[in-house]
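# Overview (structure and organization)
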Amino acid sequence: MSRLRTTFQQSTGQISGHGKRNVGVLTAAFAEIEDGRSSDQYGAGPFIEPFEQKMADQLGMEEAVFFPSGTMAQQIALRIWSDETGNRTVAYHPLCHLEIHEQDGLKELHPIQTMLVGEADRLMTLDEIKALPDVACLLLELPQREIGGVAPAFSELEAISRHCRERGIRLHLDGARLFEMLPYYQKTAAEIAALFDSVYLSFYKGLGGIAGAILAGPAAFCQTARIWKRRYGGDLISLYPYIVSADHYYELRKDRMGQYHENAKQLAERFNALPGVFTTPKVPVSNMFHLHFSGQSDEVSPKLEQIQETTRIGLVGYLVDKDGYCSTEISLGDAYAELEIDRLEEVFEQLHQTFS
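It should be emphasised that the depicted structure is a prediction, and the values quoted were computed from it without experimental measurement. For every chain, the first residue of the written sequence is number 1, and numbering continues from 1 onward in sequence order. The predicted origin of the model limits local features to residues at a pLDDT of at least 70 and limits the giving and counting of side-chain atom pairs to 80 or more, whereas totals for whole chains, interfaces and linings rest on all residues. Where side-chain values are given, they derive from all heavy atoms of the structure, hydrogens and water being excluded.

### As for the overall build of the protein chain
- Under the DSSP-based scheme used, a helix requires at least four consecutive residues in state H or I and a strand at least two consecutive residues in state E, with every element numbered from the N terminus. Broken down by element type, the protein chain carries 16 helices and 13 strands.
- Taking 2.2 N^0.38 as the reference for a compact globule, 356 residues should give roughly 21 Å; the C-alpha atoms of the protein chain span a radius of gyration of 21 Å, in line with that estimate.
- In terms of principal-axis extent, the alpha carbons of the protein chain reach across some 60 × 55 × 35 Å.
- Under the scheme applied here, a residue whose accessible area is under 20% of the maximum for its type counts as buried, over 50% as exposed, and between as partly exposed, the area being computed with a 1.4 Å probe on protein chains only. Relative to its 356 residues, the protein chain shows a buried fraction of 54%.
- Any two residues whose heavy atoms approach within 4.5 Å are treated as being in contact. At a minimum sequence separation of 6, the contacts of the protein chain that also span at least 24 residues come to 73%.
- Here the open area of atoms and residues is found with the Shrake-Rupley method and a 1.4 Å probe, where only the protein chains shown may cover a residue. Surface summary for the protein chain: the accessible area is close to 15400 Å², and the carbon and sulfur share equals 48%.
- His is not counted, nor are the chain ends; Lys and Arg add positive charge and Asp and Glu add negative charge. Note that the charge is assigned to NZ on lysines, CZ on arginines, CG on aspartates and CD on glutamates. Of note, the protein chain has its 33 positive side-chain charges centred 1 Å away from the centre of its 49 negative side-chain charges. The globule rule is 2.2 Å times the number of residues to the power 0.38, and the radius of gyration it is compared with is taken over C-alpha atoms.

Pasting the structure below:
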């Protein structure tokens with residue numbers, strides 16, 4: 001483990017996230033659950049079914065299916081749309097999760113061909129989408145994590161949705177961080193989801209549960225998704241630890257997203273005021289952004305390690321080298337709000353001294 005990672009993990013406070021992930025995340029979620037309550041079994045029962053309906057209602061969709069992982073849910077979504085349209089090609093951004101983090105699962109397991117839309121360092125455009133040949137489905141991610149958490153204007157989303165419906169292209173939302181986008185768009189989850197044919201949500205990212213995902217859409221789509229979930233081995237004998245955690249942290253944090261977004265904007269402004277430090281985007285559209293330091297990681301890491309050791313505040317757990325600078329990801333949650341103001345001021349004083 002790198003020294004940068006070690007000093008980050010040994011911190012007593014953090015900039016990002018909701019605090020350190022440990023078994024307390026699960027025990028807190030179960031604190032008010034009665035011991036004698038019956039669990040779900042193989043995807044059915046009193047824990048899972050009401051929660052699925054609750055999330056379908058939140059998204060304005062006919063039905064929703066709970067999955068143990070988003071990787072499973074999204075591959076299945078694209079397979080269903082591919083089968084329904086009789087088209088073995090789907091399209092998405094070059095840095096889509098399915099393209100860079102899933103070992104070509106979509107291509108190897110189904111197989112489905114993929115078409116990359118636009119350039120890796122920016123959002124795809126409506127013109128690029130209009131230039132697509134016939135595809136079964138277009139996947140959009142909100143926000144686009146790998147390029148800093150940027151997102152198109154809502155009017156652009158509406159135009160993309162109209163075009164896809166006119167062309168008969170299914171539109172799927174990688175909404176792993178959908179709730180984090182609501183303050184920026186000033187829309188409900190259902191209003192955003194209405195532009196899409198299917199929607200995936202994550203419960204461990206901005207919400208901070210232990211794991212789990214929802215896939216929502218039309219009733220027939222979800223019925224087929226349940227079959228594929230069984231084929232994938234996703235119907236564990238019991239999923240209630242994930243569901244209890246998902247529901248608990250959804251209720252706890254769904255109304256905090258506006259504050260997380262405000263905190264992200266304030267924090268990004270402070271970072272951008274430092275010499276040799278900048279963020280992408282400059283003004284965050286959600287609770288996340290990418291943080292960049294001039295210089296390569298072997299030069300920057302020792303400086304950040306020293307700051308983390310001195311202040312005991314975790315700023316950065318890793319750095320990725322780019323062309324002339326290095327980067328990390330910041331995602332605001334409960335941890336930032338819990339930092340004492342004087343400790344945060346000490347961090348920025350040291351950052352200013354170190355990078356001046």
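More follows now that the structure is in view.
### Things to note about the pairing of strand S5 (residues 137–141)
- Taking burial as the measure, the 5 residues of S5 include 5 buried ones, the bulk of the element.
- Of the two faces of S5, the one carrying Cys 137, Leu 139 and Glu 141 and the one carrying Leu 138 and Leu 140 are both buried.
- Paired strands, in this sense, are two strands between which DSSP finds at least two bridges. Pairing of strand S3 (residues 89–92) with S5 involves 2 bridges; the strand directions are parallel. In the sheet register, Val 90 faces S5, and the bridge partner there is Cys 137.
- Pairing analysis gives 5 bridges linking S5 to strand S6 (residues 170–175), with the strands arranged parallel. Within S6, the position partnered with Cys 137 by the bridge is Arg 170.
- For the handedness criterion, the β-α-β arrangement of S5, helix H8 (residues 154–167) and S6 is classed as right-handed. When the strands point away from the viewer and the connection leading from the first strand across the helix to the second strand turns clockwise, the crossover is called right-handed.

### As for the sheet that holds S6
- The strand order S2-S8-S7-S6-S5-S3-S4 describes an open sheet built from 7 strands, whose pairing is mixed. Whereas interior strands pair on both sides, the edge strands pair on one side only; in this sheet they are strand S2 (63–67) and strand S4 (113–116). Each strand of the sheet is rotated relative to its neighbour by a mean of 20 degrees, with strand direction disregarded. Inter-axis angles, ranging from 0 to 180 degrees, are taken between N-to-C directions of lines fitted to C-alpha atoms, where helices are fitted over the stretch in contact.

### Re the nonpolar core
- Grouping buried Ala, Val, Leu, Ile, Met, Phe, Trp, Tyr and Cys residues that are joined through side-chain atoms within 4.5 Å yields what is termed a nonpolar core. The biggest cluster of nonpolar side chains holds 50 residues, and the ones touching the most others in it are Leu 59, Leu 138, Phe 196 and Ile 214.
- With residues near it in sequence (within four places) discarded, Phe 196 still touches Met 61, Leu 140, Leu 142, Leu 157, Arg 165, Leu 171, His 172 and Leu 173.
- Within the second largest apolar cluster, 28 residues are counted, among which are Leu 304, Ile 307, Val 316 and Cys 326.

### Looking at the sheet that holds strand S12 (residues 320–321)
- Spatial strand order, S9-S10-S13-S12: 4 strands in an open sheet with antiparallel pairing. For this open sheet the edge positions go to strand S9 (277–280) and S12, each flanked by a neighbour on one side alone.
- Across 7 bridges, strand S10 (residues 288–294) lies against strand S13 (residues 325–331) in antiparallel orientation. Paired with Phe 293 across the strands is Cys 326, a residue of S13.
- Contacts from helix H14 (residues 297–311) reach S10, S12 and S13 within the one sheet, and its direction differs from that of S10 by about 105 degrees.

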